[in-house]
Amino acid sequence: MASFTIFGTGNMANAIGGVFANGGASVDYVSHEQAADAVVNGDTVVLAVPYPAVAEILKNNADKFAGKTVVDITNPLNFETFDSLTVPVGSSAAAEIQSALPNSRVLKAFNTTFAATLASGKVGDTKTTVLVAGDDADAKSALVTAVQAGGLGAIDAGSLKRAHELEAIGFLQLTLAAGEKITWTGGFGVNN
Ligand SMILES: NC(=O)c1ccc[n+]([C@@H]2O[C@H](COP(=O)([O-])OP(=O)(O)OC[C@H]3O[C@@H](n4cnc5c(N)ncnc54)[C@H](OP(=O)(O)O)[C@@H]3O)[C@@H](O)[C@H]2O)c1
């Protein structure tokens with residue numbers, strides 16, 4: 001059985017955990033208070049926390065992530081200006097996390113799907129599809145299978161380099177929703 005440990009107990013943690021549980025996977029959560037010395041049971045770790053929190057989680061738990069798949073879902077926005085990402089130009093949060101975790105298989109996923117669309121399974125009239133990028137084919141395939149088992153679409157979006165493009169899409173989608181041009185129950189959908 002697929003097993004997931006999700007850091008965070010907020011909107012995305014619950015939405016993502018719900019998808020995995022719907023697909024029959026085992027899911028446990030690490031709260032903010034527990035994160036300083038977490039128990040990591042899952043084969044896959046999901047970092048459902050703000051990007052600035054990731055560094056602290058890695059500082060305290062990186063050795064426990066060795067040999068595991070680590071899923072980065074963050075949109076590393078500068079929330080003061082809403083006008084840029086905080087990662088180096090041309091890089092991505094996922095690439096930075098992979099550099100910090102050389103013994104883990106880092107994937108980018110879920111950052112282009114608002115929490116509400118993971119819970120409802122729909123972006124407008126379109127089935128919600130999770131885009132997954134990463135360099136390890138087996139890790140990507142396992143995540144795609146777990147998401148599909150939970151009733152959503154999932155697509156292998158390419159190597160970890162594509163996390164840069166996924167974060168650009170997530171950035172744009174966030175600015176559109178924050179500017180009330182689209183709703184938090186909508187966003188970019190995929191027809192395939
Ligand atoms: N919401 C969306 O639709 C959406 C869509 C795509 C991607 N994302 C990304 O998903 C991530 C989570 O977003 P969210 O909407 O779920 O936020 P949220 O509802 O505010 O939840 C954030 C969670 O992270 C925990 N946390 C904060 N700082 C932490 C730390 N230093 N160590 C451990 N845990 C910490 C929080 O715990 P406390 O509340 O106890 O502090 C909370 O459980 C963000 O990176 C965001 O960019 C969100």
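As the structure is a prediction and not an experimental result, all values here were calculated from the model.

Re the overall build of the protein chain
Reasoning step 1: When you go through the protein chain residue by residue, the secondary structure sums to six helices and nine strands.
Reasoning step 2: Compactness check: the protein chain gives a C-alpha radius of gyration of 15 Å against a globular reference of 16 Å for 192 residues, within 12% of the reference.
Reasoning step 3: Considering only C-alpha atoms, the protein chain reaches an extent of 40 × 35 × 30 Å along its principal axes.
Reasoning step 4: Counting only residues that meet the buried cut, the protein chain has 43% of its 192 residues in that class.
Reasoning step 5: The long-range fraction of contacts in the protein chain, counting pairs at least 24 apart against all pairs at least 6 apart in sequence, stands at 69%.

Re the pairing of strand β1 (residues 3–7)
Reasoning step 1: Summarising burial for β1: four of the five residues are buried, a large majority.
Reasoning step 2: Relative to strand β3 (residues 44–47), β1 runs parallel, the two sharing four bridges. Bridge assignment links Phe-4 to a residue of β3, and that residue is Thr-44.

As for the site of the ligand
Reasoning step 1: By nearness alone, 23 residues border the ligand, and Gly-10, Met-12, His-32, Ala-53 and Thr-74 come closest of all.
Reasoning step 2: Examining the composition of the shell around the ligand, we find that four residues originate from one element, helix α2 (residues 51–61), more than from any other.
Reasoning step 3: Taken together, the residues that form the shell around the ligand break down as 14 nonpolar, eight polar and one charged.

Notes on helix α5 (residues 137–149)
Reasoning step 1: Here α5 is 13 residues long and its end C-alpha atoms lie 18 Å apart, about the 18 Å a rise of 1.5 Å per residue gives.
Reasoning step 2: Looking at the buried positions of α5, the neighbouring elements they touch are α1 (11–22), β3, β4 (69–72), β5 (105–108), β8 (129–134) and β9 (153–158).
Reasoning step 3: Two residues or fewer after α5 comes Gly-151, characterised by a positive phi angle close to 100°.

Comments concerning the nonpolar core
Reasoning step 1: Core analysis: the largest hydrophobic core is formed by 49 residues, its most contacted members being Ile-16, Val-46, Leu-47, Ala-48 and Val-132.
Reasoning step 2: Counting residues per element, this core draws most heavily on α1, at six residues.
Reasoning step 3: Excluding residues within four positions of it along the chain, Val-46 makes contact with Phe-4, Ile-6, Phe-7, Ile-16, Val-71 and Ile-73.

Focus on the UniProt feature "domain: Pyrroline-5-carboxylate reductase catalytic N-terminal" (unreviewed entry) in the protein chain
Reasoning step 1: Per the UniProt record, the feature "domain: Pyrroline-5-carboxylate reductase catalytic N-terminal" (unreviewed entry) sits at residues 32–76.
Reasoning step 2: When the span residues 32–76 is considered, its composition is 24% helix and 18% strand, and the gap between its end C-alpha atoms is 19 Å.

What to know about the pairing of β9
Reasoning step 1: With five bridges connecting them, β8 and β9 associate as parallel partners. From the neighbouring strand, Thr-129 faces β9, where its bridge partner is Gly-153.
Reasoning step 2: Note that the unit made of β8, α5 and β9 has a crossover that is right-handed.

What to know about the sheet that holds strand β2 (residues 26–30)
Reasoning step 1: A sheet is described by the order of its strands in space; here seven strands give the open sequence β2-β1-β3-β4-β5-β8-β9, paired in mixed fashion. Of all the strands in the sheet, just β2 and β9 have a single pairing partner and so form its edges. On average, adjacent strands in this sheet sit at an angle of 25° to one another, irrespective of strand direction.
Reasoning step 2: In the packing of α1 onto the sheet, the strands contacted are β1, β2 and β3, and the crossing angle to β2 comes to about 165°.
Reasoning step 3: Strands β3, β4, β5, β8 and β9 of the sheet are contacted by α5, whose axis makes an angle of about 170° with β8.

A short note on the environment of Ser-31
Reasoning step 1: Its location among the elements puts Ser-31 in the loop between β2 and β3.
Reasoning step 2: Separated by 152 residues in sequence, Ser-31 and Thr-183 place their C-alpha atoms 28 Å apart.

Some details on α1
Reasoning step 1: Compared with an ideal rise of 1.5 Å per residue, which puts 12 residues at 16 Å, α1 spans 17 Å between its outermost C-alpha atoms and is within 8% of the ideal.
Reasoning step 2: Buried residues of α1: Met-12, Ala-13, Ala-15, Ile-16, Gly-17, Val-19 and Phe-20, and no others.
Reasoning step 3: Following α1 by one or two positions, Gly-24 has its phi on the positive side, about 90°.

Conventions used here
- Residues numbered from 1 in each chain as written.
- Predicted model: local features only at pLDDT ≥ 70, side-chain atom pairs only at ≥ 80, totals over all residues.
- Helix = DSSP H or I, 4+ residues; strand = E, 2+ residues; numbered from the N terminus.
- Rg over C-alpha atoms; globule rule 2.2 N^0.38 Å.
- Buried ≥ 20, exposed ≤ 12 C-beta atoms within 10 Å, placed from the backbone.
- Contact = placed C-beta atoms within 7 Å.
- Pairing = 2+ DSSP bridges.
- Near = placed C-beta within 6 Å.
- Nonpolar A, V, L, I, M, F, W, Y, C, P; charged D, E, K, R; others polar.
- Expected span 1.5 Å × (residues − 1).
- Core = buried A, V, L, I, M, F, W, Y, C linked by C-beta atoms within 7 Å.
- UniProt positions renumbered as here; feature names shortened; annotations may be inferred.
- Right-handed = clockwise from strand over helix to strand, strands pointing away.
- Axes fitted to C-alpha atoms, helices over the stretch in contact; angles between N-to-C directions.

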